[in-house]
Amino acid sequence: MSFTIFKIFLLFLVIQACIPDRFAEGCSIFSSKRTVHIVNNLPPDTPQLELHCYSKDDDLGNHTLSIGQEFQWSFCPNVLPTTLFACHLWWFPKERAFDAFKENLIKLRTEALYWIAKSDGIYFADGIDYPEASSKKYDWNN
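> What exactly am I supposed to notice about a nonpolar patch on the surface here?
Residues Ile29, Phe30 and Val79 make up a contiguous nonpolar surface patch of roughly 310 Å² in combined accessible area. Relative to the assigned elements, Phe30 resides in the loop between α2 (20-25) and β1 (34-40).

> Any chance you could explain the nonpolar core here in plain terms?
Grouped burial of nonpolar side chains is what soluble globular proteins tend to show. One finds Val36, Ile38, Leu49, Trp73 and Leu89 to be the most contacted residues of the largest nonpolar core, which totals 23 residues. Elements with a minimum of two residues in this core: β1, β2 (49-55), β4 (70-75), β5 (84-91), β6 (94-102), β7 (112-118) and β8 (121-126). Top element by residues in this core is β5. It accounts for 4 residues. Dropping the residues within four chain positions of it, Trp73 is found in contact with Arg34, Thr35, Val36, Ile38, Cys53, Leu60, Phe85, Cys87 and Ala100.

> Looking at this structure, I do not really get the state of the cysteines. What am I missing?
Such a bond, covalent and formed between the sulfur atoms of two cysteines, is termed a disulfide. Taken as a whole and judged by the stated rule, the model has 1 disulfide. In this model, Cys53 is linked to Cys87 through a disulfide, with the two sulfur atoms separated by 2.0 Å. The sign of the 110° torsion about the S-S bond sets the Cys53-Cys87 disulfide as right-handed. A residue pair is termed long-range when its members are at least 10 positions apart, and Cys53 in strand β2 and Cys87 in strand β5 qualify at 34 residues. Residue classification places Cys53 among the buried positions, given a relative accessible area of 0%. Residue Cys87 is classed as buried on the basis of its relative accessible area of 1%.

> Would you mind showing me how to read the pairing of β6 here?
Each regular strand shows side chains that alternate between the opposite faces of the sheet. Two strands pair when backbone bridges link them, and β5 and β6 are joined in this way by 8 bridges, in the antiparallel orientation. From the neighbouring strand, Leu84 faces β6, where its bridge partner is Lys102. Turn length for the β5-β6 hairpin, with the two strands adjacent in sequence and antiparallel, is 2 residues.

> Just checking my understanding: could you explain the packing of aromatic side chains for this structure?
The geometry of two aromatic rings is summed up by the distance between their centres and the angle between their planes. Taken as a whole and judged by the stated rule, the model has 9 aromatic pairs. Ring centres of Trp73 and Phe85 lie 5.5 Å apart, and the angle between their planes is 50°; on these two criteria the pair is classed as tilted. Of the two residues, Trp73 sits in strand β4 while Phe85 sits in strand β5, which places them 12 residues apart along the sequence. Across the pair, Phe85 and Trp73 agree in class, each one buried. Between the NZ or CZ atom of Lys118 and the centre of the ring of Tyr123, over which it lies, the distance is 4.3 Å.

Rules of the game
- Residues numbered from 1 in each chain as written.
- Predicted model: local features only at pLDDT ≥ 70, side-chain atom pairs only at ≥ 80, totals over all residues.
- Heavy atoms only, no water.
- Patch = residues over 30% accessible without salt bridge, like charges linked within 9 Å, V, L, I, M, F, W, Y side chains within 5 Å.
- Areas by Shrake-Rupley, 256 points an atom, 1.4 Å probe, with all protein chains shown as cover.
- Salt bridge = Lys/Arg side-chain N within 4 Å of Asp/Glu carboxyl O.
- Helix = DSSP H or I, 4+ residues; strand = E, 2+ residues; numbered from the N terminus.
- Core = buried A, V, L, I, M, F, W, Y, C linked by side-chain atoms within 4.5 Å.
- Buried < 20%, exposed > 50% of the residue type's maximum accessible area, 1.4 Å probe, protein only.
- Contact = heavy atoms within 4.5 Å.
- Disulfide = S-S within 2.5 Å.
- Pairing = 2+ DSSP bridges.
- Phe/Tyr/Trp six-rings, centres within 6.5 Å; stacked < 30°, edge-to-face > 60°.
- Lys NZ or Arg CZ within 6 Å of the ring centre and 35° of its normal.

Here is the structure:
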């Protein structure tokens, strides 16, 4: 029996050695750290972008971004695909609420997600395509 426990312990050490960054980030071996960026790419001389992002467990607070600024946060998704972060953006008089990260909605090619506020709506790009390519996901609500 003790030999089996020893083998399990050695297996754990091998796994940990193969993926040390995930343990350092606090993520499990089944998930990797994600970073969400909200970027203000609105026209100059217009109102600042205001935003509020949150999950069931974390309220990231209210933030105001000048042109060209970004707000970002990182997290480790749940092992089960239940992680959800939502954001509400305001660009007076327009606004839009959306899911910024939903585990079973977005199939990621990278660990970074970019949401870009532009004058005609909210765009999305992953870490591979940003900033060269982004696609419009939402219109502003008036």
